[in-house]
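Remarks on the overall topology
In case you want the letters, here they are:
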Amino acid sequence: MQKQANVVIIGGGIIGCAVAYELAIRGVKDIVVIEKQYLSSGATGRCGAGVRQQWGTETNAILARDSVRRFEGMNEELEYDRDIEFKQGGYLMVSYTQNEWNQYKKNVAVQHSLGIPTKMLTPQEAMEIVPHLNINGLVGATFCQTDGHANPFHVVDAYFKAASRLGVKFETYTSVTGIKREKGKVTSVQTTKGDIDTPLVINACGYAAGTICEMAGFELPLYPQRHQALVTEPVEPCQGPMVISLHYRLYCQQTPHGSFIMGVGDPHEPKDFNINSSWEFLEDVARQATTVLPLLKNLRVVRQWSGLYDMSPDANPILDEIPEAKGMWVAAGFSGHGFMVAPQTAVLLAQKILGQECFMPIERFGLDRFRRGELLLEPAVV
Amino acid sequence: MQTKETIVCRCEDITLDEIKSLISQGYRTIDEIKRVIRAGMGPCQGRTCRMLIAQELAKVCGIPVGEVLMPTFRAPVKPVKLGTFAGGE
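Note that the coordinates shown come from a computational prediction; the quantities given were computed from them, not determined experimentally.

Reading guide: rules and limits
- Residues numbered from 1 in each chain as written.
- Chains lettered and ligands numbered in written order.
- Predicted model: local features only at pLDDT ≥ 70, side-chain atom pairs only at ≥ 80, totals over all residues.
- Heavy atoms only, no water.
- Domains from an automatic or database assignment.
- Contact = heavy atoms within 4.5 Å.
- Buried area = accessible area lost by both parts, 1.4 Å probe.
- Salt bridge = Lys/Arg side-chain N within 4 Å of Asp/Glu carboxyl O.
- Polar contact = N/O pair within 3.5 Å; in protein donor to acceptor, adjacent residues only side chain to side chain.
- Nonpolar A, V, L, I, M, F, W, Y, C, P; charged D, E, K, R; others polar.
- Helix = DSSP H or I, 4+ residues; strand = E, 2+ residues; numbered from the N terminus.
- Buried < 20%, exposed > 50% of the residue type's maximum accessible area, 1.4 Å probe, protein only.

1. Here's the deal with the domain arrangement of chain A
Residue and element names in this part refer to chain A. Domain parsing of chain A yields domain 1 (7-46 + 153-222 + 314-372) and domain 2 (87-146 + 223-311). One C-alpha centre belongs to domain 1, the other to domain 2, and the line joining them spans 29 Å. If you look at the interface, domain 1 gives 13 residues, while domain 2 gives 12 residues. Buried surface at the junction of domain 1 and domain 2, both sides included, amounts to about 1000 Å², of which 58% is carbon and sulfur. Across the domain 1-domain 2 interface, the total number found is zero salt bridges. Applying the counting rule to domain 1 against domain 2 returns five residue pairs in polar contact (both at pLDDT 80 or more). The residue makeup of the side of domain 1 that touches domain 2, split by class, is seven nonpolar, five polar and one charged.

2. Structural notes on the side chain of Glu 269 of chain A
Residue and element names in this part refer to chain A. You can see Glu 269 is positioned in the loop between β16 (260-264) and α8 (279-292). A relative accessible area of 10% means that Glu 269 is categorised as buried. At a separation of 3.0 Å, a polar atom in the side chain of Glu 269 contacts the side chain of Arg 226. For Glu 269, the contacting residues outside a window of four places in its chain are Gln 225 and Arg 226.

Right under this line is the structure:
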C-alpha cells in the first residue's frame with residue numbers, strides 16, 4: 001500500500017465513497033479510502049434505503065431535498081454501468097395520534113418553506129394512495145411524491161467506480177489501528193497494511209467513528225444503536241410509496257424487485273455494537289406492519305438482518321474538524337438517515353475542506369452545538 | 001462446462017458465467033457478490049448457490065473452500081408469513 005496520500009478517508013460506506021468522489025471531481029489528487037471489510041459492508045448496506053425530504057429540521061430537509069435531485073440524475077452523472085434503482089414512489093407518513101399530527105403540521109411548514117412539495121391528506125385521500133392502509137384511528141397523513149428509495153449497494157458501487165476513474169484508491173479488508181498527531185495536527189494513519197502519512201483524514205466510519213476519534217484523543221458524543229430489518233418474497237407491484245408511522249415505529253416499502261423491506265425502531269435497544277438478528281424483532285415488526293398494512297399478513301419473510309445507527313444527541317450529523325487534531329474531519333452521526341442525505345453532505349464537506357463557498361452553512365453541523373446545548377433536535381426519526 | 005447456461009442461483013436465475021465475471025472484477029466474498037447480483041437473496045436463502053459460489057472463490061483465491069468467508073445464517077430458515085409471526089395464524 002502507498003506510504004503517502006493527500007487525503008485518507010476512513011470508511012467505505014456511502015459517505016466515504018461520496019466524499020472521495022466529490023473531492024476527486026474538484027481536482028484533489030492522491031486520495032485513499034480505507035475500508036475494514038468490503039464497500040457498503042457496514043450501515044449503508046444494511047439500511048432501509050429510503051430517501052425522504054419530509055424532515056422536521058431545516059438542515060435534514062435541505063440536505064435531503066438537494067440529494068433527491070442528485071439521485072434523479074445519478075446513473076448519468078456517475079456514468080454507472082448498472083442502475084441505482086431510484087424509484088420515486090413517494091413517502092406516506094401516517095399519523096394515528098393528534099399529538100403526532102400536530103408535529104407533522106410543523107414539519108410540513110418547514111418543508112414548504114424550503115419548496116418541498118409535501119401534501120397533507122385526509123385518511124380517505126391516504127387510502128387512495130395506499131389502498132391496503134389501515135385508516136382505523138388515522139388522523140391524517142403527509143405525502144411527498146418525489147421521495148422514494150434507491151439501492152444502497154448500487155449507489156455505493158456507482159460512487160466507487162466514478163471515484164476510481166478519477167484516480168481514487170480503495171483499500172478494502174484494511175483496518176485502521178491508530179492515528180498519529182504532532183503539535184495538534186494529524187500526520188499519519190496507521191493500518192493493518194502499513195502507515196500512510198497524510199495531512200487530511202476524513203472519518204466516515206458511521207458507528208465506528210467514535211472509536212477512530214478516540215485514536216486521535218478525542219471523544220465524540222455518538223453511540224451505536226442496533227436497528228433490524230426484514231425482506232419478504234417478491235410480489236406484483238401494489239404499494240407505491242414508503243409508508244412510515246412514527247407512532248407504530250414502522251417503515252415499510254416495496255422495492256422495484258417486488259419484495260417488501262420493513263423495519264421497526266426499538267425504544268429499549270441498548271447502546272452497544274450488537275448486530276445479531278433477533279426473533280423478538282420478527283414478532284414486533286410483524287405486529288406493527290400487519291396493524292398498519294393488514295394485507296401484508298399473507299407475505300412470507302425470507303430474510304432478516306440488522307445494522308447500527310450512528311446516533312448523535314440530536315439525530316443530526318456532525319460535520320466538523322476535531323479541535324485537538326487539525327486536519328481530521330468527522331462526517332458521522334447520521335442517526336439512521338445518512339444514505340439519503342449523502343450526495344449533498346459529501347458536496348458540503350468537500351466545499352468546506354477545499355475552502356470553496358458552501359451551498360448551505362456547515363457550521364450548523366459543528367461539534368460546538370453540543371457544548372453550547374444548542375441542539376438541532378430532529379423530531380421525525382424512526 | 002457451459003458457464004452461460006449453468007444456473008448457480010436458482011431463485012434469482014444467476015449463471016456461473018455471471019459469478020465468474022464478478023470474481024474476475026475483484027469481488028472476493030459471497031456477501032459482496034450477493035449484494036451486487038442478488039445471488040442467495042431468494043426464497044432458499046442461498047442453500048444451493050452459497051457453496052457453489054464458495055467453490056468458485058476458493059479456486060480463484062487458491063484457498064480451501066472451508067476458508068471462504070460465509071455470510072451469517074439467520075432466521076427464518078424457510079419463508080414464514082408475517083401473519084404467523086404476528087400471532088394471527
